[in-house]
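# Structure assessment
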Amino acid sequence: MTPSTTGRRAVRVAAAMAALTGAVMLPATASAQAARPPAPQTQTAQTQTQPAAPAAAPCRNTGSFESWRARFEQEATQQGISRAAIAAAAPYLVYDSRIVGIDRGQRFFAQSFLQFSDKMLPAYRLQKGAEMIGRHAALFARADKEFGVPAAVIVAFWGLESDFGAGMGKDHAIRSLATLAYDCRRSDMFRGHLFDALRMIERGDLTAAEMIGSWAGELGQTQMMPSEYLAHAVDWDGDRHRNLLKSVPDVIGSTAKYLVDLGWRRGEPWLREVRVPAALPWDQADLAIQHPHAQWTAWGVTQRDGKPLPAGGPAASLLLPMGRLGPAFLAYPNFQVYLKWNASLVYATTAAYYATRLAGAPPLNRGAPTIPALGQEEAKELQQLLNRAGFDVGVPDGKIGAGTRSAVKQAQMRLGLPADSYPTPELIARLRAGR
């Protein structure tokens with residue numbers, strides 16, 4: 001895994017929310033389901049999401065920023081970065097305590113999939129997305145031909161990440177990266193991004209002054225960290241620069257290439273809304289488990305309108321972002337690309353659903369009128385109860401990530417509850433009672 005991928009996972013939901021609301025949001029946790037051993041006669045996903053790491057112990061910086069900066073500049077020179085690029089960045093190689101405050105903030109983005117998707121996909125964003133597909137049809141045709149990525153997929157990320165360029169952030173990337181590279185919490189990761197930001201200056205993609213983006217250093221209309229930008233951006237307007245802040249051709253081509261580099265498979269679906277029966281082997285609803293359409297059909301899963309699933313096609317996982325009472329989807333191997341873009345299950349599902357809407361799908365079936373949900377304190381209590389029952393979810397923090405969802409599934413199976421990996425007040429009550 002590259003450092004850039006980890007950085008993307010840390011800030012992606014916050015950046016998307018800020019693009020829509022203008023508010024400062026803090027990082028979301030990964031909510032993808034943990035990989036589990038496949039059940040008999042299953043096919044495991046080729047790429048599985050990793051369990052969330054336990055909360056790290058607080059760290060403290062040692063040494064001054066000035067001495068850190070001197071060492072950093074010396075190492076940049078040793079890596080072959082020109083003195084001219086270092087000098088161009090020098091005015092921005094400063095410490096900003098506000099950035100550390102945001103990065104270490106304790107608030108938690110705890111909305112459900114329906115709450116998040118409702119907020120992120122208002123009518124205007126669907127309309128604007130369709131408009132952008134029509135306006136840049138020739139560029140999207142080129143992207144489809146060259147990379148095999150449909151317009152709807154690119155536009156969904158474009159809309160969520162920056163509202164089509166309207167909300168790319170207001171912080172200077174080099175200042176943010178220097179601050180986070182000095183800070184003890186994730187210094188190695190951000191040092192790598194800072195070196196690559198200097199290489200971008202040296203290459204001529206952007207000037208130091210132009211590098212305005214998110215608080216964590218993401219840049220451009222689809223918010224790439226510098227290492228992603230350096231490795232995956234392309235020059236599609238022919239000006240010999242890769243400008244993802246201002247050039248629409250560069251944005252579209254670079255986003256398509258990056259998705260392919262993450263593993264996008266040409267001509268294959270990514271997400272399909274389905275209808276599930278009341279009785280199903282719910283433990284099979286797991287992103288680490290895949291079945292062919294024939295097996296899902298045998299279990300009573302149909303298309304949204306009740307018609308049979310298509311014959312053939314790639315195997316798929318059953319995705320229940322809000323449990324068996326909420327929306328239901330078949331997630332195909334291409335859905336793993338969404339999770340590589342951002343490991344938050346809420347974000348990945350919203351982005352994939354947005355793309356299906358842009359591709360012509362109707363609004364989703366929201367499921368039961370009332371779906372029980374946990375607040376942060378309830379979620380923290382659930383984690384404590386799971387730990388007490390022998391399911392290791394790490395330090396309880398009220399964040400329902402991959403490790404917690406995996407433990408929820410195991411607890412549901414032990415207690416004889418439908419094992420859909422979705423935490424509920426009922427599960428808390430059963431665990432409290434020790435049953």
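Attention here is on the structure that accompanies the text.

Criteria and cut-off values
Residues numbered from 1 in each chain as written. Predicted model: local features only at pLDDT ≥ 70, side-chain atom pairs only at ≥ 80, totals over all residues. Heavy atoms only, no water. Helix = DSSP H or I, 4+ residues; strand = E, 2+ residues; numbered from the N terminus. Buried < 20%, exposed > 50% of the residue type's maximum accessible area, 1.4 Å probe, protein only. Contact = heavy atoms within 4.5 Å. Areas by Shrake-Rupley, 256 points an atom, 1.4 Å probe, with all protein chains shown as cover. Expected span 1.5 Å × (residues − 1). Core = buried A, V, L, I, M, F, W, Y, C linked by side-chain atoms within 4.5 Å. Axes fitted to C-alpha atoms, helices over the stretch in contact; angles between N-to-C directions. Parallel < 35°, antiparallel > 145°, perpendicular 65-115°, else oblique. Left-handed = near helix turned anticlockwise from the far one by under 90°. Nonpolar A, V, L, I, M, F, W, Y, C, P; charged D, E, K, R; others polar. Pairing = 2+ DSSP bridges. Arc of directions from axis to C-beta. Polar contact = N/O pair within 3.5 Å; in protein donor to acceptor, adjacent residues only side chain to side chain. Salt bridge = Lys/Arg side-chain N within 4 Å of Asp/Glu carboxyl O.

Our next topic: the overall build of the protein chain. Check the secondary structure of the protein chain and you find 18 helices and 8 strands. With 435 residues in all, the protein chain has 54% of them scored as buried. Sequence separation of at least 24 residues holds for 72% of the intrachain contacts in the protein chain that already meet a minimum separation of 6. For the protein chain, the exposed area adds up to about 17700 Å²; of that, 53% sits on carbon and sulfur atoms.

Moving on to helix H10 (residues 187-203). Relative to the 24 Å expected for 17 residues at 1.5 Å per residue, H10 spans 24 Å between its end C-alpha atoms, a close match to the ideal helical length. Taken together, the buried positions of H10 are occupied by Ser187, Met189, Phe190, Arg191, His193, Leu194, Phe195, Asp196, Ala197, Leu198, Met200 and Ile201.

Ranked by internal contacts, the top residues of the largest apolar core, which has 95 residues, are Val153, Leu194, Met211, Leu271, Phe335 and Tyr338. Residue contributions to this core peak at 10 residues, all from helix H15 (residues 345-358). Counting 14 residues, the second largest nonpolar core, distinct from the first, contains Leu382, Leu385, Ala407 and Ile428.

Our next topic: the packing of helix H6 (residues 123-135) against helix H8 (residues 151-162). The relative placement of two packed helices comes down to the angle between their axes together with the axis-to-axis distance. At a minimum axis separation of 10 Å, H6 and H8 run at an interaxial angle of 130 degrees. On the basis of the axis angle, H6 is oblique to H8. When you trace H6 past H8, the crossing you get is right-handed. Residues Arg125, Gly129, Met132 and Ile133 of H6 pack against Ala151, Ala152, Val155, Trp158, Gly159 and Leu160 of H8. Split by residue class, the contact of H6 with H8 holds 7 nonpolar, 2 polar and 1 charged.

Another point: the pairing of strand E4 (residues 271-275). Here 3 bridges tie E4 to strand E8 (residues 329-331), and the two strands are oriented antiparallel to one another. Each residue of the ladder has a partner; that of Leu271, found in E8, is Ala331. Strand direction decides the pairing type here: E4 and strand E6 (residues 302-303), joined by 2 bridges, are antiparallel. The residue bridging Arg275 from the neighbouring strand is Thr302, located in E6.

Before going further, it helps to spend a moment on helix H18 (residues 425-432). Along H18, the positions that sit buried rather than exposed are Leu427, Ile428, Arg430 and Leu431. One side of H18 carries all its buried residues, which in axial view fall inside an arc of 165 degrees. On its buried side, H18 packs onto helix H16 (376-388) and helix H17 (402-415). Positive phi shows up at Gly434, right after H18, with a value of about 75 degrees.

Attention shifts here to the packing of helix H7 (residues 137-147) against helix H12 (residues 248-261). Where H7 contacts H12, the axes come no closer than 10 Å and their chain directions differ by 25 degrees. Our classification of the angle between H7 and H12 gives roughly parallel. The handedness of the crossing between H7 and H12 comes out as right-handed. The residues of H12 that touch H7, namely those facing Leu139, Phe140, Ala143 and Phe147, are Val248, Pro249, Ile252, Gly253, Ala256, Lys257 and Val260. Counted by class, the contact of H7 with H12 contains 9 nonpolar, 1 polar and 1 charged residues.

The subject of this paragraph is the side chain of Arg125. Looking at the element boundaries, Arg125 is found in helix H6. Given a relative accessible area of 0%, Arg125 falls into the buried group. Of note is the side chain of Arg125, whose polar atom sits 3.0 Å from the backbone oxygen of Met120.

Attention now goes to the pattern of salt bridges. A complete count under the given rule lists 20 salt bridges for this structure. Put simply, Asp103 and Arg185 hold a salt bridge, and the shortest N to O gap is 3.1 Å. Residue Asp103 is found in helix H4 (residues 97-103), and its partner Arg185 is found in the loop between helix H9 (173-182) and H10; the two are separated by 82 residues along the sequence. Classification of Asp103 by relative accessible area gives buried; the value is 5%. As a salt-bridge pair, Asp103 and Arg186 come within 2.3 Å of each other at their nearest N and O atoms. Pair noted here: Asp103 is in helix H4 and Arg186 is in the loop between H9 and H10, with a separation of 83 residues, a long-range link. Residue class for Arg186 comes out buried when judged on its relative accessible area of 17%.

With that settled, the discussion passes to the side chain of Asn243. Relative to the helices and strands, Asn243 is located in the loop between helix H11 (226-232) and H12. A polar contact is formed between the side chain of Asn243 and the backbone nitrogen of Lys246, at a distance of 3.0 Å. When residues no more than four places from it in sequence are discounted, the contact partners of Asn243 are Leu206, Glu210, Tyr229 and Asp250.

Quick look at unusual backbone geometry now. A positive phi angle is found at Gln223, which is not glycine, with a value near 50 degrees. Among the structural elements, Gln223 can be located in the loop between strand E3 (212-213) and H11. Judged by relative accessible area, Gln223 falls into the buried class, the value being 1%. Unusually for a residue other than glycine, Arg240 sits at a positive phi of about 70 degrees. You can call Arg240 exposed: its relative accessible area is 73%.

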